[in-house]
Structure formats: structure tokens, C-alpha cells
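Now for the letters of each chain:
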Amino acid sequence: MIQELVMKCSRCEEDLNVNFYDLIPLDSKNKSLLKTNDLFTVTCPKCQNKMKINYDCVLVDERRKYALALVIEDEDKEKVVGLFENHDSSFKKRIIKSQQEALEKTYIFDSHLNDYAIEIMKAVHKIGLLKEMGSDNDIRIFFTRDPIVCFVVLVNGEMFSLEFEKDFYDQVEKDFRDMDESNFREVDYDWAIRILSAEA
């Protein structure tokens with residue numbers, strides 16, 4: 001379903017007709033736009049002003065069989081996941097909260113990796129860094145494969161990388177190899193912390 005809405009340019013106040021899509025195919029073009037942070041961008045034809053838009057939708061890669069439900073507000077979760085009507089159990093179905101998370105999931109799945117294992121690894125790294133550097137630090141960790149497979153770490157705005165340890169990944173991945181993928185689920189830092197706390 002496509003919904004056309006009128007929005008005003010934030011610079012020149014020109015009226016813009018903008019299409020909002022329930023389902024967005026994750027083809028090579030849209031993945032490139034996601035990578036450059038332009039997939040959810042509207043350009044004013046009059047003044048060339050670029051504006052970011054954020055809305056509920058499902059991003060779908062039919063070839064690699066995964067669907068990412070981008071949910072802006074928690075109360076809309078059921079409505080958003082209902083946009084995707086393919087009940088093929090071989091599809092990985094995830095609920096995400098941001099465009100950055102959408103990009104990270106595409107990197108993971110397009111690398112034929114298990115996002116359960118990746119999130120556990122990220123949580124273990126973050127716990128270790130918080131112990132080493134202090135719990136008052138703002139630490140964020142992202143998986144990337146551009147230009148190499150590694151973890152990008154942001155600590156109070158400062159960036160560095162951590163090596164992707166394949167042996168560590170293999171050790172974790174074997175415990176999450178046969179997960180039930182019949183429903184959408186959130187696989188993120190909070191999920192990983194719950195899993196690690198249950199195993200402690």
C-alpha cells in the first residue's frame with residue numbers, strides 16, 4: 001500500500017507530495033540508499049533541501065528472506081508487523097527501532113551471520129568496556145562489514161573498532177542455530193542482556 005501525503009519543505013515551505021510505503025523492497029538500490037542514510041530522505045525540487053522522514057514500514061529482502069519491521073512507537077507494533085503477510089517460516093522477522101538498526105541487520109543477514117549471536121557478542125563487549133572504563137560512559141557498538149567485518153565502538157563520541165572474533169562467534173552461534181522464526185521479534189541489546197542474565 002502507498003499513501004501520498006503533503007508536507008512542507010522546512011526551508012522554502014514548498015508543498016511536497018511524498019509517498020509513504022507500507023513495504024519497502026531491500027533491493028541493491030534501496031540498500032545503497034540505506035547505507036548512505038538516504039532511503040528515508042525527501043528532496044525539495046525547488047530549493048534542493050533534504051529532509052529526513054521517519055515512519056512505520058516493513059523492509060523486505062525476498063531473496064535472502066528477511067523482513068525488518070521499523071516501528072517508531074511501541075503502541076503501533078502490532079499494526080506494523082501486520083503489514084507483512086508472508087507467513088513463510090524460513091523468513092527471519094525482526095522488529096527494529098531505527099534506520100541505523102535496519103542497516104546493521106542488513107549487514108548481518110547479507111553476511112550470512114546469525115543476529116542472535118552478534119547481539120550476544122555486542123553485549124559481552126559492552127559489559128566488558130563498561131567495567132573497564134566506568135559505567136558512566138556512553139558506549140554504543142555496531143556490527144559492520146564496510147569496509148571490513150568488525151564491530152564499531154562509540155565511546156562518548158570517540159570511535160574505534162573491535163576485531164570480529166570468528167571463534168567467539170562460532171561458540172555463541174551454535175546455541176541459537178535453530179530458533180523459531182515464525183513471528184516477529186526484537187533481537188537487540190536488551191534481548192541479549194536478558195539472555196545473559198538468565199544464564200548467569
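Up top is the structure.
A few points on the structure. (Residues numbered from 1 in each chain as written. Predicted model: local features only at pLDDT ≥ 70, side-chain atom pairs only at ≥ 80, totals over all residues. Heavy atoms only, no water.)

**Re the overall build of the protein**
Phase 1: Scanning the protein for helices and strands turns up 6 helices and 11 strands.
Phase 2: Principal-axis analysis of the C-alpha atoms gives the protein an extent of 55 × 40 × 30 Å.
Phase 3: Out of the 200 residues belonging to the protein, those deemed buried represent 43%.
Phase 4: Roughly 11600 Å² of accessible area belongs to the protein as shown, and the carbon and sulfur atoms make up 47% of that amount.
Phase 5: The centroid of the 28 positive side-chain charges in the protein is displaced by 3 Å from the centroid of its 40 negative side-chain charges. (Helix = DSSP H or I, 4+ residues; strand = E, 2+ residues; numbered from the N terminus. Buried < 20%, exposed > 50% of the residue type's maximum accessible area, 1.4 Å probe, protein only. Areas by Shrake-Rupley, 256 points an atom, 1.4 Å probe, with all protein chains shown as cover. Lys, Arg positive; Asp, Glu negative; His and termini not counted. Charge placed at Lys NZ, Arg CZ, Asp CG, Glu CD.)

**A short note on unusual backbone geometry**
Phase 1: A cis amide bond links Asp146 to the next residue, Pro147, at an omega of 5 degrees.
Phase 2: With respect to the helices and strands, the residue Pro147 is situated in the loop between strand 9 (139-144) and strand 10 (150-155).

**Observations regarding the sheet that holds strand 6 (residues 57-61)**
Phase 1: Strand order in the open sheet made by the 4 strands is 3-6-7-8, with mixed pairing throughout. The open sheet has two edge strands with one neighbour each: strand 3 (23-25) and strand 8 (92-96). Each adjacent strand pair in this sheet contributes to an overall mean axis angle of 20 degrees, direction not counted.
Phase 2: Two elements, strand 7 (residues 66-70) and strand 8, share 5 bridges in a ladder whose sense is parallel. Each bridged residue has a counterpart across the sheet, and for Leu70 the counterpart in strand 8 is Ile96.
Phase 3: Relative to the sheet, helix 3 (residues 99-110) contacts strand 6, strand 7 and strand 8, its axis offset from that of strand 7 by approximately 170 degrees. (Pairing = 2+ DSSP bridges. Axes fitted to C-alpha atoms, helices over the stretch in contact; angles between N-to-C directions. Contact = heavy atoms within 4.5 Å.)

**Observations concerning helix 3**
Phase 1: Under the 1.5 Å per step criterion, the end-to-end length of helix 3 is 16 Å for 12 residues, consistent within 8% with the ideal 16 Å.
Phase 2: In terms of burial, helix 3 is largely enclosed, as 11 of its 12 residues are buried.
Phase 3: Considered for burial, the residues of helix 3 that qualify are Gln99, Glu101, Ala102, Leu103, Glu104, Lys105, Thr106, Tyr107, Ile108, Phe109 and Asp110.
Phase 4: At the exit of helix 3 stands His112, carrying a positive phi of roughly 60 degrees. (Expected span 1.5 Å × (residues − 1).)

**Notes on the environment of Lys97**
Phase 1: Considering the arrangement of structural elements, one finds Lys97 in the loop between strand 8 and helix 3.
Phase 2: Classification of Lys97 by relative accessible area gives partly exposed; the value is 35%.
Phase 3: When the C-alpha atoms of Lys97 and Leu70 are compared, they prove to be 5.6 Å apart, with 27 residues separating the residues in sequence.
Phase 4: Excluding its chain neighbours within four sequence positions, the residues that come into contact with Lys97 are Leu70, Val71, Asp74 and Glu186.

**What about the nonpolar core?**
Phase 1: Counting residues in each nonpolar core, the largest one holds 47 residues, and the members touching the most others are Phe40, Leu59, Leu68, Ile118, Phe143 and Phe164.
Phase 2: Counting residues per element, this core draws most heavily on helix 4 (residues 115-133), which supplies 7 residues.
Phase 3: Ignoring sequence-local partners within four residues, the contact set of Phe40 consists of Ile24, Met51, Lys52, Ile53, Tyr55, Cys57, Leu59, Leu70 and Gln99.
Phase 4: Counting residues in each nonpolar core, the second largest holds 11 residues, with Val58, Phe84, Ile95 and Phe184 among its members. (Core = buried A, V, L, I, M, F, W, Y, C linked by side-chain atoms within 4.5 Å.)

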